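Observations on chain architecture
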Amino acid sequence: MHRLRTCASRLWPLTPPQHARTASWQRPSVASAQRTFQPIRCYTAPVTTEPFLSSTSSNYVEEMYYAWQENPKSVHESWDNFFRQTNAGTPPGVAHQRPPPLASGLPTPPRDPVLADGQSGVEKLVEDHLAVQTLIRAYQVRGHQVAKLNPLGISCVNFDHTPFTVGSQQGGFYGLSESDLDKVFRLPKTTFIGGSEGALPLREIIRRLEMAYCQHIGVEFMFINDLEQCQWIRQKFETPGVMQFTLEEKRTLLARMVRSTRFEEFLHRKWSSEKRFGLEGCESLIPALKTIIDKSSENGVESVILGMSHRGRLNVLANVIRKELEQIFCQFDPKLEATDEGSGDVKYHLGMYHRRINRVTDRNITLSLVANPSHLEAVDPVVQGKTKAEQFYCGDTEGNRVMSILLHGDAAFAGQGIVYETFHLSDLPSYTTHGTVHVVVNNQIGFTTDPRMARSSPYPTDVARVVNAPIFHVNADDPEAVVYVCDVAAEWRATFHKDVVVDLVCYRRNGHNEMDEPMFTQPLMYKQIKKQKAVLQKYAEKLMAEGAVTRQEYEEEIAKYDKICEEAYARSKDEKILHIKHWLDSPWPGFFTLDGQPKSLTCPSTGVEEVELAHIGEVASSVPVKDFTVHGGLRRILRGRGVMVEERTVDWALGEYMAFGSLLKQGTHVRLSGQDVERGTFSHRHHILHDQNVDKRTCIPMNHIDPNQASYTVCNSSLSEYGVLGFELGFAMSSPNALVLWEAQFGDFHNTAQCIIDQFICAGQTKWVRQNGIVLLLPHGLEGMGPEHSSARPERFLQMCNDDPDVFPKIQGDFAMQQLYDCNWIVVNCSTPANYFHVLRRQILLPFRKPLIVFTPKSLLRHPEAKSSFDDMLPGTNFRRLIPEEGLASQNPAGVRRVVFCTGKVYYDLVRARKSHGMEDTVAIVRVEQLSPFPFDLVKMEVAKYLQAELVWCQEEHKNQGYYDYVRPRICSTIDHARPVWYAGRDPAAAPATGNKKAHLVELERFLDTALNLDAFRDQH
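A few points on the structure. (Residues numbered from 1 in each chain as written. Predicted model: local features only at pLDDT ≥ 70, side-chain atom pairs only at ≥ 80, totals over all residues. Heavy atoms only, no water.)

Ranked by size, the top nonpolar core spans 177 residues in total, and within it Leu285, Phe329, Ile405, Val439, Leu504, Leu776 and Phe901 carry the most contacts. Beyond its immediate sequence surroundings of up to four residues, leucine 776 is in contact with Leu725, Trp742, Ile757, Ile761, Phe797, Leu852, Ile853 and Val854. Membership of the second largest hydrophobic core comes to 54 residues, among which are Val608, Ala659, Leu840 and Ile844. (Core = buried A, V, L, I, M, F, W, Y, C linked by side-chain atoms within 4.5 Å. Buried < 20%, exposed > 50% of the residue type's maximum accessible area, 1.4 Å probe, protein only. Contact = heavy atoms within 4.5 Å.)

Evaluation of the coordinates by the stated rule reveals 45 salt bridges. Taking the shortest distance from any N to any O, the salt bridge between glutamate 204 and arginine 208 comes out at 2.7 Å. Taken together, the residues glutamate 204 and arginine 208, both in helix H7 (residues 202–213) and four residues apart, mark about one turn of the helix. As a salt-bridge pair, glutamate 265 and arginine 262 come within 2.6 Å of each other at their nearest N and O atoms. (Salt bridge = Lys/Arg side-chain N within 4 Å of Asp/Glu carboxyl O. Helix = DSSP H or I, 4+ residues; strand = E, 2+ residues; numbered from the N terminus.)

What follows covers the packing of aromatic side chains. Scanning the entire structure with this criterion turns up 36 aromatic pairs. The cationic tip of arginine 671 hangs over the ring face of tyrosine 431; the distance from NZ or CZ to the ring centre is 5.2 Å. Its end group placed over the ring of phenylalanine 731, arginine 671 keeps NZ or CZ at 4.7 Å from the ring centre. (Phe/Tyr/Trp six-rings, centres within 6.5 Å; stacked < 30°, edge-to-face > 60°. Lys NZ or Arg CZ within 6 Å of the ring centre and 35° of its normal.)

Moving on, we come to helix H22 (residues 632–646). A turn of α-helix holds 3.6 residues, and therefore any two residues three or four places apart point the same way. Across its 15 residues, H22 extends 21 Å between first and last C-alpha, which sits within 8% of the 21 Å expected from 1.5 Å per residue. Among the residues of H22, those classed as buried are Gly633, Leu634, Leu638, Arg641, Gly642, Met644 and Val645. (Expected span 1.5 Å × (residues − 1).)

Taken together, the seven strands give an open sheet; going across it, the order is S19-S16-S20-S21-S23-S22-S28, and neighbouring strands pair in mixed fashion. This sheet does not close on itself; its edge strands, each paired only once, are strand S19 (712–716) and strand S28 (930–932). Between one strand and the next, the sheet's axes are offset by a mean angle of 20°, whatever the strand orientation. (Pairing = 2+ DSSP bridges. Axes fitted to C-alpha atoms, helices over the stretch in contact; angles between N-to-C directions.)

Turning our attention to the side chain of glutamine 930. Positionally, glutamine 930 belongs in strand S28. Among the polar contacts listed, one links the side chain of glutamine 930 to the side chain of arginine 842, at a separation of 3.0 Å. A polar atom in the side chain of glutamine 930 sits 3.0 Å from the backbone oxygen of proline 933. Those residues in contact with glutamine 930 that lie beyond four places of it in its chain are Leu820, Ile826, Val827, Val828, Arg842, Phe879, Arg881 and Pro935. (Polar contact = N/O pair within 3.5 Å; in protein donor to acceptor, adjacent residues only side chain to side chain.)

Our focus in this paragraph is helix H32 (residues 936–945). Inspection of H32 places Phe936, Asp937, Val939, Glu942 and Val943 among the buried residues, and these make up the whole buried set. Of the surrounding secondary structure, the elements contacted by the buried residues of H32 are helix H28 (815–822), strand S25 (882–883), strand S26 (898–902), strand S27 (923–928), strand S29 (950–958) and helix H33 (964–974).

This brings us to the environment of aspartate 427. By secondary structure assignment, the location of aspartate 427 is in the loop between helix H15 (417–423) and strand S11 (436–442). Note on aspartate 427: relative accessible area 52%, which makes it exposed. Along the backbone, aspartate 427 and histidine 497 are 70 residues apart, and their C-alpha atoms lie at a distance of 9.6 Å. What aspartate 427 contacts, discounting residues up to four positions off in sequence, is Thr432 and Lys498. Side-chain polar atoms of aspartate 427 contact the side chain of lysine 498, separated by 3.1 Å.

As structure tokens, then:
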């Protein structure tokens, strides 16, 4: 606080004391770029008797300080010591040490008593100015603690352990007293309360600080470690008269409050017993959002993506997005019939997409409200991913044209970890959306839990401090304060492209929903709420008192909107059919027909010309940048790839490279995201090369395939699954013409993103008629590495597949394609690089989009047998849903005594064991590569081929896990239960795998022996 930030002359009183010595000065001239001081002095008193920091020496102090800043050795050591101590916080009077005498033994002149008194006065003056600066800073740091933020007049924020007072009482803490209130003090550069004035009386300083920081707006920003940003915020809130509204602005605000309030009242009158999660108590949210959108449109934003929970959603749809009112009202009709595919969702979860003219700026703007589940805050990363994608596709590298707004509840904002994960994506290069405006609907309660039990932090918004986002708390019962804060928030985002939080401190007039009784748990709070005058009424009375509107004008505005609602209600009765696609949040123009159907139900061959494969392989095995030094071990990997290309073979990594590269060449963007995906968890991918001699110099060979190719994005993510998977889902939602993949570091890590998988990926299409082609790569396989990192939990994905295990479907037309169209997602476990190549390419060549779940291998990445020939990837080849037995057993089906069905890497274990047992002609091994949709037709063909053989399902997973419970009933339905389907695998267990290597190998040999032992099931017939 005592740092010498201003020179002594600026701290001097406006009227100098009588004892000050007179002096005449010339301004120092600057002869060059280096600062030099050449003062010409005429003293009326000897230098040795001049008091420290007197008026005649103040400029000298300033000159010495500037010289010291440039070079501490350019001043005497006593000055060096003085400036070092003041910068460390020592008061100037204490820091000053008289320099040693010029010659030892010379007598020191006696000190003049008058000058000694002057010295004391100067020290008091310096201390008072520093105290004032500290006082100003205290308001800037902690003024929000005493701001009048709560419309109910109660406080859910406890600062008792750090008390903060206002007014003259606050000054006492810093050594100021009542007698100082009328003294005039110069203002530091770190405040704007003076406006055009450079000095103010202390009384006025305190008054202006209270007006800026202690009224209906509380500003948290002093934790931000950027001086320019802090100064920007200070100017916005401290400058006198900043919150002035024109008559037209006030009338517009009143009209928006009327619409927000009367919409909720209309719904309450018509459907009093229906859940709608109304906005009563926070009606100012609507003008808040419209202000953010208006200001952003003014700054050049063309598209806004919003995410929010259920509270106030219908109001936002009606009055912000401008969904037709009759479409909203008809949702309350219990007789409304659904004709779209899928099950639909409740009205307060649905999304919307709308392009319209912004009436304030007269510019086009696209608004998209993303559909979401009841899982609070789950939509946050989805919105960010969709925003990032739209910025990417329109070349908006700075976020000037596309932005996101996220609405939160106070309890969820503090309680849900996904909020923290999403914030930590905000400034990462491949995930930043260049600033999001967060609006917290802080109704000071979470369902029935009050804040004292819901969070440990003072505010629900404290999580935002981790990314230096300013937090603007505002009393939601003051619409003008709300609008001003939102205007500043939008301008902050446009200026700094950083996140910002608006905390609307409000209340919830009803219970959690309209049928809930809040008095059970918050009796005192709701007694106060019942007494609370509606914010519209309060604001209308304020404007009428000011003469801004008349009562007649106010009542006419209400009647006008009521009439709009009544007319829409009458039209809504004509709606007999619910079209969920009318609520689609991410339409794909041109991809489907006009009625939302695929343009065809055929898929072209996923093979690629050999010359293209060879070219991509050449890129994959080279460094396309000159003078780039790669790691020696990586050079060996690249050479190995080159050898494989010469031999016309691919391993797993090269097969993936071929799939990505061929899609990029045809103009399809590919984005691969996840933890450590650039190199690959198992050091197999190496899609980004790092120069071993130059820091941060990298090369992405995949972006050097063709001059006209699409761009390839591969990005290591933060250590997050929930947030990053949600982000990639949102990215894939924006356009069907991109292959978007998320890879888990290990397959079992997906369970921390289970909410995204269950609520969005699995059921997204059936709930919201929203297709999505995201790909999940989940490393899977039991290889003796313990319970973790072994199983990607395939049983969970298969359990959620929507096909019927007990019904054998009709095999007609393009059965495989119809299956894909009808399923909710595709689940595969490929055993060859070629099949992996094909399934990735098929994901883009399909005429529709479905999520793809791929259980990827670990040991197969380097398995000598797990390679494919170019012949399996040429034009005319496709993904193989099932790979039949192609060895000796297939040549004599009548001699086959057992057919072992399996999937994934266990196939190679079975082949090895079958060979060692000498049973290659009696046991057929069939690989089910696509588990869902289940290949009923191909399985039936294989069973029919081996009529005398036993049927066995073999898996390395435990019996209660893996694929058995999914596969067995479907095989039984295929053969009409004519033969049993036996199980060979590990016994049921709670953990996915053993932690003991020896036990793992014993289990492996045991179930392989069971799978191949022709007498294993004799006693069970």
